[in-house]
Every structure is written in C-alpha cells, then in structure tokens.
Amino acid sequence: MTRLFFADNTVLINFALLDRMELLGRLANGCAAWTAAIRRECRASADALDNDQLRGAEAVFGTPVRLTDPRTIREVLVLLEQLREPHDPDDRHRGEAETIALIAVEHAGSLFVTDDADARMRAQERGIRSVSTCQLLRLAIRIGALTAHDAWASVCELRRRGRTLHDSPREESTYMQWCRAA
C-alpha cells in the first residue's frame with residue numbers, strides 16, 4: 001500500500017489555512033501517516049496560529065507511526081547528523097529524518113509529503129518520491145473534488161499569506177495548462 005508520509009507540517013499548515021483539512025483527508029484516503037515528531041510540530045503550529053483545522057489533524061492522521069526497527073533508528077541518527085547545524089535544537093529536522101528513514105527502510109514506495117525544498121532534496125537523494133501542496137491540489141482537480149479555478153484561488157491565497165509553493169506556475173494560464181497536463 002502506498003502511504004503518504006508527512007515529513008513536516010508545511011502541507012498541513014497550507015491545507016489548514018485554506019480550511020481544507022477535510023479535502024486533505026479525502027486525498028489521503030486513509031493512507032496518511034506521520035511520526036510523533038510531526039504530530040508535535042502540528043500541535044505547536046495549531047497553538048501558534050490558533051488554528052482549529054490543525055488541531056483536528058489527528059482525525060486525518062491518527063496514531064503516529066512508531067520507530068521500532070533498529071535499522072530505521074540508526075538511519076534517523078545518520079540523517080540527523082547530516083541535517084543538523086552545530087547549534088540546532090534537538091528536535092530540529094527530526095520529522096524529516098524520521099520520515100525519510102521510515103520510507104527508506106520500512107515503507108518503500110511511500111510518498112514523502114512536504115513543501116520544504118531541502119527536505120524534498122534529501123528524500124530524492126535516497127530515491128524517495130515527494131508530493132507537494134500544489135500536486136495534491138492538482139490531484140483534487142483530477143478526482144473532481146476541486147475545480148481548476150478553485151485550486152488556482154487556493155494557490156493565490158497561500159501566496160498572499162506568504163506561503164512558499166516551489167512547484168506551482170506563477171500565472172493563471174500556465175497553472176491551468178499545468179493542471180491539464182497531469
């Protein structure tokens with residue numbers, strides 16, 4: 001089964017800001033997964049943003065995937081060593097490291113969900129495919145959950161709120177072509 005492993009809460013925040021966590025749950029179709037580190041990030045963001053949509057994320061993601069395989073735990077430690085800067089706090093990059101390790105060691109074929117370009121690059125270095133907010137919005141169009149114009153409006157709203165969307169075309173006409181090409 002292909003699972004959607006959320007590597008941080010960038011995509012979660014985007015869907016929450018759009019009041020579309022229900023759509024995210026529909027897109028995940030029971031295959032969403034996260035680690036305890038991502039759940040902690042999500043809870044902290046929910047409090048910082050005072051966002052009830054984020055507070056309800058556990059309804060979509062359920063219980064975090066536990067890291068029990070010694071190979072996975074070793075890989076997490078290796079990744080943390082690579083990702084951290086000397087004065088980073090202990091929890092910095094933990095979610096990305098745990099998620100990459102879980103997919104690489106135990107859940108091959110799962111998708112790495114993030115809008116963080118550095119995290120995406122780290123996953124791709126290990127042959128892990130990633131999915132972004134924009135790609136999920138495009139999937140929503142494909143399954144009839146959103147119109148292309150609604151998805152474009154969502155992209156514009158996220159940009160207005162200062163959110164970074166690396167893989168979305170900047171112009172509406174190009175965006176519509178990009179959506180049709182999927």
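Residues numbered from 1 in each chain as written. Predicted model: local features only at pLDDT ≥ 70, side-chain atom pairs only at ≥ 80, totals over all residues. Heavy atoms only, no water.

What's the story with the packing of helix α2 (residues 21-28) against helix α9 (residues 133-142) in this structure? I'm lost.
Axes are the key here: two packed helices are described by the angle between their axes and the distance separating the axes. The geometry of α2 relative to α9 is characterised by a closest axis approach of 10 Å and an angle of 75 degrees between their N-to-C directions. By the angle between their axes, α2 is roughly perpendicular relative to α9. Here α2 contributes Leu-23, Leu-24 and Leu-27 to the contact with α9, which in turn contributes Leu-136, Leu-139 and Ala-140. The residue inventory of the contact of α2 with α9, partitioned by class, reads 6 nonpolar, no polar and no charged. (Axes fitted to C-alpha atoms, helices over the stretch in contact; angles between N-to-C directions. Helix = DSSP H or I, 4+ residues; strand = E, 2+ residues; numbered from the N terminus. Parallel < 35°, antiparallel > 145°, perpendicular 65-115°, else oblique. Contact = heavy atoms within 4.5 Å. Nonpolar A, V, L, I, M, F, W, Y, C, P; charged D, E, K, R; others polar.)

Would you take a moment to explain the side chain of Arg-120 for this structure?
Residue position: Arg-120 is located in helix α8 (residues 117-125). One buried charged side chain, Arg-120, makes no salt bridge at all; its nearest oppositely charged neighbour is Asp-115, positioned 4.2 Å away. Discounting chain neighbours no more than four positions away, the residues touching Arg-120 are Phe-112, Thr-114, Asp-115, Ser-130, Ser-132 and His-166. (Buried < 20%, exposed > 50% of the residue type's maximum accessible area, 1.4 Å probe, protein only. Lys, Arg positive; Asp, Glu negative; His and termini not counted. Salt bridge = Lys/Arg side-chain N within 4 Å of Asp/Glu carboxyl O.)

Help me out: how do you make sense of the layout of surface pockets in this one?
Picture a little ball the size of a water molecule; that probe, rolled over the atoms, points out where space is still empty. Considering only enclosed or pocket space, the largest pocket measures out at about 460 Å³ in volume. The wall of the largest pocket is formed by 17 residues, among which Arg-92, His-93, Arg-94, Glu-96 and Asp-116 lie closest to the centre. Elements represented by at least two residues in the lining of the largest pocket include exactly α3 (36-49), α6 (70-83), α7 (94-105) and α8. Here the lining of the largest pocket gets 4 residues from one element, more than from any other, and that element is α8. In terms of residue class, the lining of the largest pocket is made up of 4 nonpolar, 2 polar and 11 charged. Each pocket or cavity is described by its volume, and for the second largest pocket that value is around 210 Å³. Considering the residues around the second largest pocket, the lining is formed by 13 residues, among which Leu-111, Val-131, Leu-136, Leu-139 and Arg-142 are closest to the centre. At 5 residues, α9 tops the list of elements feeding residues into the lining of the second largest pocket. Counted by class, the lining of the second largest pocket contains 9 nonpolar, 2 polar and 2 charged residues. (1 Å grid on protein atoms, 1.4 Å probe; cavity = no way out; pocket = protein on both sides within 12 Å on 5 of 7 lines; lining within 4 Å. Points joined across faces, edges and corners; volume = space filled by probe spheres on them.)

Please explain the nonpolar core as it appears in this structure.
Side chains of a nonpolar character, in soluble globular proteins, are inclined to be buried together. Counting residues in hydrophobic clusters, the biggest one holds 40 residues, and the most contacted among them are Phe-6, Leu-12, Phe-15, Phe-61 and Tyr-175. Top element by residues in this core is helix α1 (residues 10-17). It accounts for 6 residues. Setting aside residues up to four positions removed in sequence, Leu-12 forms contacts with Phe-6, Met-21, Leu-24, Trp-34, Ile-38, Cys-42, Leu-54 and Phe-61. Of all hydrophobic cores here, the second largest spans 17 residues; its members include Ile-100, Ile-103, Ala-123 and Ile-128. (Core = buried A, V, L, I, M, F, W, Y, C linked by side-chain atoms within 4.5 Å.)

Please explain the side chain of Arg-3 as it appears in this structure.
Examined against the element boundaries, Arg-3 turns out to sit in the segment before β1 (4-6). Buried within the structure, Arg-3 lacks any salt-bridge partner; Glu-106 is the closest side chain of opposite charge, at an N-O distance of 8.2 Å. Leave out the neighbours within four places in its chain, and Arg-3 touches Cys-31, Ala-32, Ala-33, Val-65, His-107, Ser-110 and Leu-111.

Before we go on, may I ask you to explain unusual backbone geometry in this structure?
Most peptide bonds adopt trans geometry, and most residues besides glycine take a negative phi value. The phi angle at Asp-19 is positive, at roughly 55 degrees, despite the residue not being glycine. Tracing the backbone through its elements, the reader meets Asp-19 in the loop between α1 and α2. A residue is classified by how much of its surface remains accessible, and Asp-19, at 57% relative accessible area, is exposed. Within the chain, Asp-50 stands out as a residue other than glycine whose phi angle is a positive 50 degrees. Among the residues examined, Asp-50 registers a relative accessible area of 59% and is labelled exposed.

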